[in-house]
Amino acid sequence: MLLLGIDVGTSSIKVSVVDAMLQTCVASAQYPDTESPITSLQPGWAEQSPEMWWEHVQKAILLVQKNSKFNPGDIGAIGIAYQMHGLVLVDKDQNVLRDSIIWCDSRAVEIGDKAFDAIGHEKCLSHLLNSPGNFTASKLAWVKANEPGIYNKIDKIMLPGDFIAMKLTGSITTSVSALSEGIFFDFLCNKLSTDVMEYYGFDDNFIPDIHPVFSEHGKLQKSIAKTLNLKEGIPVAYKAGDQPNNALSLNVLQPGEVAATAGTSGVIYGVSDTLAYDKESRVNTFAHVNYTEQEKRLGVLLCINGTGSLNRWTKSLFGTQTSYQQMNDEAKQIKPGSDGLRVLPFGNGAERMLNNKQIGVHFHNIDLNLHTRAHIFRAVQEGIAFSFRYGLDIMRSNGMNPTIIRAGKANLFLSGLFTQAFVDVTGVPVELYNNDGSVGAAIGAGMGCGIYASAAEAFTKAKVIQLIEPGKQNYEPMYQEWKTLLQKQLNTN
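All residue numbers refer to positions counted from 1 along the written sequence of the respective chain. Per-residue local features are limited, in this predicted model, to residues with pLDDT of at least 70; the limit for side-chain atom pairs, both in listing and counting, is 80 or more; totals at the level of whole chains, interfaces and linings are taken over all residues. The basis for the side-chain values is all heavy atoms of the structure; hydrogens and waters are excluded.

Among the surface-exposed residues, Trp313, Leu317 and Phe318 lie close enough to one another that they form a single nonpolar patch of about 270 Å² accessible area. Of note, Phe318 is situated in helix 11 (residues 308-318). Among the residues examined, Phe318 registers a relative accessible area of 30% and is labelled partly exposed. Patch building starts from residues that exceed 30% relative accessible area and form no salt bridge, then joins like charges within 9 Å and nonpolar side chains (Val, Leu, Ile, Met, Phe, Trp, Tyr) within 5 Å. In this description, accessible areas are obtained by the Shrake-Rupley approach with a 1.4 Å probe, and a residue is regarded as covered only by the protein chains that are shown. Any Lys or Arg side-chain nitrogen found within 4 Å of a carboxyl oxygen on Asp or Glu counts as a salt bridge. Elements are defined by DSSP. Helices are runs of H or I of four residues or more, strands are runs of E of two residues or more, and each kind is numbered from the N terminus. Buried residues are those whose accessible area, probed at 1.4 Å on protein chains only, stays under 20% of the maximum for their type, while exposed residues exceed 50% and partly exposed ones sit between those limits.

Our next topic: the side chain of Ser177. One can find Ser177 in helix 7 (residues 176-181). N or O atoms within 3.5 Å of each other form a polar contact, as long as, within protein, one can give a hydrogen and the other can take it, and as long as residues adjacent in sequence are counted only when both atoms are side-chain atoms. Here the side chain of Ser177 touches Ala287 through a polar contact of 2.8 Å, landing on its backbone oxygen. In what follows, residue pairs with any heavy atoms lying within 4.5 Å of each other are defined as contacts. Those residues in contact with Ser177 that sit more than four places away from it in its chain are Val213, Ala287 and His288.

To continue, consider the side chain of Thr261. By the element assignment, Thr261 lies in strand 14 (residues 258-262). Side chain to side chain, Thr261 and Gln243 meet in a polar contact 3.0 Å long. If near-sequence neighbours (up to four positions away) are discounted, Thr261 is found in contact with Gln243, Asn246, Gly266, Val267, Phe388 and Phe413.

Here we take up the packing of helix 13 (residues 373-397) against helix 14 (residues 416-426). To get an axis, fit a line to the C-alpha atoms, keeping to the stretch in contact for a helix; angles then go from 0 to 180 degrees between the N-to-C directions. Look at helix 13 against helix 14: their axes get within 9 Å of each other, and the N-to-C directions meet at 35 degrees. Considering how the two elements wind past one another, helix 13 and helix 14 form a crossing that is right-handed. Here Arg378, Gln381, Ile384, Ala385, Phe386, Phe388, Arg389, Leu392 and Arg396 of helix 13 come into contact with helix 14, specifically with Leu417, Phe418, Ala421, Phe422, Val425 and Thr426. Of the residues belonging to the contact of helix 13 with helix 14, the class tally is 10 nonpolar, two polar and three charged. What makes a crossing left-handed is the near helix being turned counterclockwise from the far one by less than a right angle; a clockwise turn instead makes it right-handed. Classification convention: Asp, Glu, Lys, Arg as charged; Ala, Val, Leu, Ile, Met, Phe, Trp, Tyr, Cys, Pro as nonpolar; all other residues, Gly among them, as polar.

Attention now moves to the packing of aromatic side chains. Each Phe, Tyr or Trp ring (for Trp, its six-membered ring) is paired with any other whose centre lies within 6.5 Å, and the angle between the two planes then decides the class: stacked below 30 degrees, edge-to-face above 60, tilted in between. Under the criterion given, the structure shown has 21 aromatic pairs. Here the aromatic rings of Tyr151 and Phe206 are separated by 5.5 Å at their centres, their planes lie at 80 degrees, and the arrangement is edge-to-face. Taken as a pair, Tyr151 in helix 5 (residues 148-151) and Phe206 in the loop between helix 8 (194-200) and strand 12 (209-210) lie far apart in primary sequence, 55 residues in all. Here a set of aromatic residues connected by ring pairs shows up, and it is made of Phe346, Phe386, Tyr390, Tyr475, Tyr479 and Trp482. Between Arg107 and the ring centre of Trp45, over which it is positioned, the NZ or CZ distance is 3.7 Å. One Lys or Arg, Lys315, reaches over the ring of Tyr324 and ends 5.5 Å from the middle of that ring. Charge-over-ring contacts are defined here by two conditions on Lys NZ or Arg CZ: a distance within 6 Å of the ring centre and an angle within 35 degrees of the ring normal.

Moving on to unusual backbone geometry. Residue Tyr31 is joined to Pro32 through a cis peptide bond whose omega torsion reads -5 degrees. With respect to the helices, strands and loops of the structure, Pro32 is situated in the loop between strand 3 (24-31) and strand 4 (47-48). Here His85, not a glycine, exhibits a phi torsion of approximately 75 degrees, which is positive. Here His85 is to be found in the loop between strand 5 (75-82) and strand 6 (88-90).

Now for the environment of Gln381. Here Gln381 shows up in helix 13. Its relative accessible area of 2% is what places Gln381 among the buried residues. Here the alpha-carbon distance between Gln381 and Ala331, two residues 50 residues apart in the chain, equals 8.9 Å. Contacts of Gln381, omitting those with residues within four sequence positions, involve Asn311, Asn328, Leu412, Ser415, Leu417 and Phe418. Polar contacts involving the side chain of Gln381 include one to the side chain of Asn328, which spans 2.8 Å.

This part is about the sheet that holds strand 13 (residues 236-241). When DSSP locates at least two bridges between a pair of strands, those strands are taken to pair. Taken in spatial order, the five strands line up as 3-2-1-5-13 in an open sheet, and their pairing is mixed. Both outer strands of the open sheet, strand 3 and strand 13, are each paired with one neighbouring strand and no more. Averaged over neighbouring strand pairs, the angle between their axes works out to 15 degrees when direction is ignored. The strands that helix 15 (residues 437-448) touches are strand 1 (2-8), strand 2 (13-19), strand 3, strand 5 and strand 13; relative to strand 1, the one it contacts most, it runs at about 130 degrees.

Let's shift gears to helix 15. Its 12 residues place the ends of helix 15 16 Å apart at the C-alpha level, agreeing with the 16 Å of an ideal helix rising 1.5 Å per residue. The buried fraction of helix 15 is high, at 12 of 12 residues. Turning to helix 15, its buried residues are Gly437, Ser438, Val439, Gly440, Ala441, Ala442, Ile443, Gly444, Ala445, Gly446, Met447 and Gly448. Following helix 15 by one or two positions, Gly450 adopts a phi angle in the positive range, close to 85 degrees. Under the convention used throughout, the expected extent of a helix is 1.5 Å for every residue step, that is, one less than its residue count.

Let us look at the pattern of salt bridges. In this structure the tally under the stated criterion is 25 salt bridges. The residue Lys219 makes a salt bridge to Glu216 at a minimum N-O spacing of 3.1 Å. Look at Lys219 and you get partly exposed, because its relative accessible area is 43%. What makes Glu216 partly exposed here is its relative accessible area of 38%. Residues Glu481 and Arg342 are paired through a salt bridge, measuring 3.3 Å at the closest nitrogen-oxygen approach. With Glu481 in helix 17 (residues 476-492) and Arg342 in strand 18 (residues 342-346), this residue pair connects regions lying 139 residues apart in the sequence. Of the residues examined, Glu481 reaches a relative accessible area of 34% and is grouped as partly exposed. A residue is classified by how much of its surface remains accessible, and Arg342, at 5% relative accessible area, is buried. What you see here is one network of salt bridges that share partners, running through Glu47, Arg98, Asp105, Arg107 and Glu147.

In structure tokens form, the structure reads like this:
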């Protein structure tokens, strides 16, 4: 049996077909080749078209079938991973009412701050495990306040993965994990948050039917199956946000286990069994994919908005005709510390770990007679590594002390320079695996439709391809200098 995994990313859609028995990827495809556009009508805003996602999902599924040695008719279940926190609105006929306000959009920060004060800090943190912040509920409140004509047509609200599942199946569902990432879920009362819904004046009917993450979220419609050369009626058996899904793909499911990613954004994601929270809500706690009322599994998430996005921006300005590998090779020629060049990598919206401040990207100590583009390439990767250390120290202050971090060998973790800098500055070894979000979504689908009796069975073939240990470079003095520059900038803002 084959499993289809779909990863709805900010930059592109990736799909993978996995052999369920061998737990190996037999084919992958990505669409488009260039990065998907983000619309920014005002500073701090970020939107994408859900219909664009759907068009790209279909093209990616057809592309993976091209010249591949598998029978699409053998695909028996579908899993979906998706960019977290995005708001999708549809009417009673499942028509999209506006572009999705996505995860890095900052327009609702003030709305969330007011809700935090009105509901009460202690109550929000103890019940929601987060402040309402700039999450999906606050984005919906922005639509209510600023676009009443659209708000009044809403039948259901969704996250990006819910929307793709709806297009595949015609059914609209959600999960406790999804509701928690939108800040709609009360962990102490184990239900939809009355405080959030009543404060914002939302109709409970906006919320889709709640299903377990690993369960059927609808069956593939006949017309869609025909278009995509798939069997009618196969289930969408798994849906999860990209970071919980990345943790799943690395078999990070039990308390104390930790995963990291460095794609468009950078994330450290640790699993806990305690309903704990950061008093300043700089790191966030959501229901993990295997959360149940009886066996609580929480994902403690540190997010840095601009990691891979800063690397891409750097390439577009300084390395237009240069590959990422060539950028990495040039950067390696520069000694650690980039001859004093320091980069604060915070230019992609409000940063939760900086108390929702937007400080932008800053280059410090540029010497026009010394620094080359190779220095910039290295300093950017070191600045990103320093930002991970800053966030990890916040997690450590809240009781998350990883002894090893698992990551897929993808995105910035393809760079040996970045990976070693990450390990050296955090002091934590990294295990690299050959996996990605679309493969994780496919494995999740296998768990959701019962092919695997347990999570342990789903990952019997998982192997570490590389272990990177600290000790090559003492980055501590450089990090402390970087941290001082960050603090000055935060005080200025």
